[in-house]
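Here is how the chains run, residue by residue.
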Amino acid sequence: MSSNQNNNNNRPSKKMKSIAHRIVWLITKTKMKLYFKTDILIFVLLNMFWAYMKEIEVIGSFSFHRHRDLILQNGLITGLTYKVTSLGGELLMSVGFFGVASRIGALVLALYMLQLLGVLFSLPVVSGKAHKTLRPISDLAEKADELNKLAFSEDKYRLIEDAIEHVVPDENQYVYLHDKELLGVEQSVNRLIERLKDSYRQQARFVNDASHELRTPIAVIQGYAQMLERWGSTDEKVLDESIAAISNEADHMNRLVEQLLFLARGDSGKTVLAKEPVKLGELMQEIYEESFMIDETHPYRFRKSEEEIIIDADRTLLKQAVRVLVDNAAKYTNPGDEIILGVGRGDDNHPYLMVQDTGIGMTQADVEHMFERFYRADKARTYNGTGLGLSIAKWIVDRHGGYFEILSRTELGTRIKIIL
Ligand code: ATP
Ligand code: MG
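Notes on the structure in this doc start here. In this text the structure is predicted, and so the values were computed from the model without any measurement. (Residues numbered from 1 in each chain as written. Chains lettered and ligands numbered in written order. Predicted model: local features only at pLDDT ≥ 70, side-chain atom pairs only at ≥ 80, totals over all residues. Heavy atoms only, no water.)

**Some thoughts on the pattern of salt bridges**
Thought 1: Under the definition given, this model contains 17 salt bridges.
Thought 2: As a salt-bridge pair, R201 and D198 come within 3.1 Å of each other at their nearest N and O atoms. Taken together, the positions of R201 and D198, both in helix α4 (residues 183-232) and three residues apart, correspond to about one turn of that helix.
Thought 3: Here D198 falls in the partly exposed class, since its relative accessible area comes to 40%.
Thought 4: The closest approach of N and O atoms between R373 and D267, which form a salt bridge, is 2.9 Å. With R373 in the loop between α8 (364-369) and α9 (389-399) and D267 in helix α5 (residues 236-267), this residue pair connects regions lying 106 residues apart in the sequence.
Thought 5: With relative accessibility at 27%, the residue R373 sits in the partly exposed group.
Thought 6: The structure contains a network of salt bridges with shared partners spanning E286, E290, R315, K319, R323 and D327. (Salt bridge = Lys/Arg side-chain N within 4 Å of Asp/Glu carboxyl O. Helix = DSSP H or I, 4+ residues; strand = E, 2+ residues; numbered from the N terminus. Buried < 20%, exposed > 50% of the residue type's maximum accessible area, 1.4 Å probe, protein only.)

**Side note on the nonpolar core**
Thought 1: Ranked by size, the top nonpolar core spans 47 residues in total, and within it M284, L341, L353, V355 and I418 carry the most contacts.
Thought 2: A per-element tally of this core places helix α7 (residues 315-331) first, with nine residues.
Thought 3: Each of domain 2 (182-267) and domain 3 (276-419) accounts for three or more of the residues forming this core.
Thought 4: Not counting chain neighbours up to four residues away, the residues in contact with L341 comprise M284, I287, Y288, R301, F302, R303, V326, M354 and V355.
Thought 5: Y82, V84, V95 and V100 belong to the second-largest nonpolar core, a separate cluster that totals 12 residues. (Core = buried A, V, L, I, M, F, W, Y, C linked by side-chain atoms within 4.5 Å. Domains from an automatic or database assignment. Contact = heavy atoms within 4.5 Å.)

**Quick notes on the site of ligand 1**
Thought 1: Lining the immediate environment of ligand 1, one finds 21 residues, of which R255, R376, T386, L388 and L390 sit closest.
Thought 2: In the environment of ligand 1, an oxygen atom lies 2.6 Å from a nitrogen or oxygen atom belonging to the side chain of R376.
Thought 3: Within the side chain of T414, one N or O atom sits 3.4 Å away from a nitrogen atom of ligand 1.
Thought 4: Relative to its free-state accessible area of 590 Å², ligand 1 is covered by the protein chains to the extent of 97%.
Thought 5: Elements with a contribution of two residues or more to the shell around ligand 1: α5, α7 and α9. (Near = heavy atom within 4 Å. Polar contact = N/O pair within 3.5 Å; in protein donor to acceptor, adjacent residues only side chain to side chain. Areas by Shrake-Rupley, 256 points an atom, 1.4 Å probe, with all protein chains shown as cover.)

**Side note on the environment of T38**
Thought 1: Relative to the helices and strands, T38 resides in helix α1 (residues 2-58).
Thought 2: Judged by relative accessible area, T38 falls into the partly exposed class, the value being 35%.
Thought 3: Sequence separation between T38 and V108 is 70 residues; the distance between their C-alpha atoms is 9.9 Å.
Thought 4: In this structure the side chain of T38 is engaged in a polar contact, spanning 2.9 Å, whose partner is the backbone oxygen of Y35.

**Here's the deal with the packing of aromatic side chains**
Thought 1: Here the structure, examined in full by the defined rule, presents 12 aromatic pairs.
Thought 2: Arranged with centres 5.1 Å apart and planes meeting at 80 degrees, the rings of Y288 and F292 form a pair that is edge-to-face. Of this pair, Y288 and F292 both sit in helix α6 (residues 280-294), four residues apart, roughly one helical turn.
Thought 3: A network of ring pairs unites the aromatic residues W50, Y82 and F97 as a single cluster. (Phe/Tyr/Trp six-rings, centres within 6.5 Å; stacked < 30°, edge-to-face > 60°.)

Structural data, given as structure tokens:
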């Protein structure tokens, strides 16, 4: 295992070394080619310069209007001759060229050798620079290799599996792997456990609260049923009172069960949104008309926006969320006091639906908890209700990517906006 690890560790740096060597070789080759080309140019230029000087020396002047030839005499390279003739064909100069050219050649060759030596001496510096430049890439390769090892190490998988297996869900237990390399994994798993425990606790509290809420109407119904059994057949007052109370509690229970079912279906992901383009003005107008038909005790007003706002939403659910707000406004506002419905766009151009009342209002603490399941402010307890309406509205608004804006003062009233 450990030797294997060492092999793996060496692999990236070895690869990097060979890349560095290749880079150095490439630089050296390019330099040598460049020197070779410039040296050839120097050779040609020096020969031309010599010819120019020679013409001035022998003929006494230099002119472009002459014929110049290099001739091999006797077919030997040593007999190479430089011949200059006038345009009329008169021979002006004929001198041996081999001696000069070979001396210039030797000089240029010596220069090339010197350059080669220079390149050889600078090799360590170039190589050092190449390695330094490649260092971050080399580090990266090593890190990737480490990660690779971590991802495929069977032992580590088993370690994680074992640790998770021993966690008991309802006890205060977390995963401890005792392995520095797995610290990140350990923290993520523990965060996940914490979230699971949180949702488990929430679920347990919800079930607890729900059964408590259901127990009350059942107990009331049972009480009246017993009363009916004893005196119902003889006492008409008891009969009427019991029937009214049982019917009332049954209504309450029916509503409660419906609310609980909605939230349970929402939690389990069974409620699917059917989105379509919805005209917000039209939706609010409908709620407005229904409101003063259902509730004749409050004057309703509707503040319509001039612009027709259309959004993609589940019409039925969105209407249900607004109904929750209107029901609350009606419930927590004295008869005769005004309730205003509104549609529009906020400062940030987001569309909103608004319900505003002049009712009992809420304290800051109430506002902070109002969306919690079964939460009811102390002052609200004298009114009928279960404390689930706003939880349902919030679920719907959340699923539409929206949020609530609440402004409330005790004894003054409440304004709730659904911002979409
Ligand atoms: P139900 O589930 O029957 O609607 P509820 O109205 O008590 O019962 P929510 O609608 O969830 O429950 O509201 C939660 C609490 O928020 C209320 O009990 C009340 O204290 C407070 N609240 C909500 N709307 C208003 C309002 N318009 N004015 C004053 N208090 C309000
Ligand atoms: Mg309500």
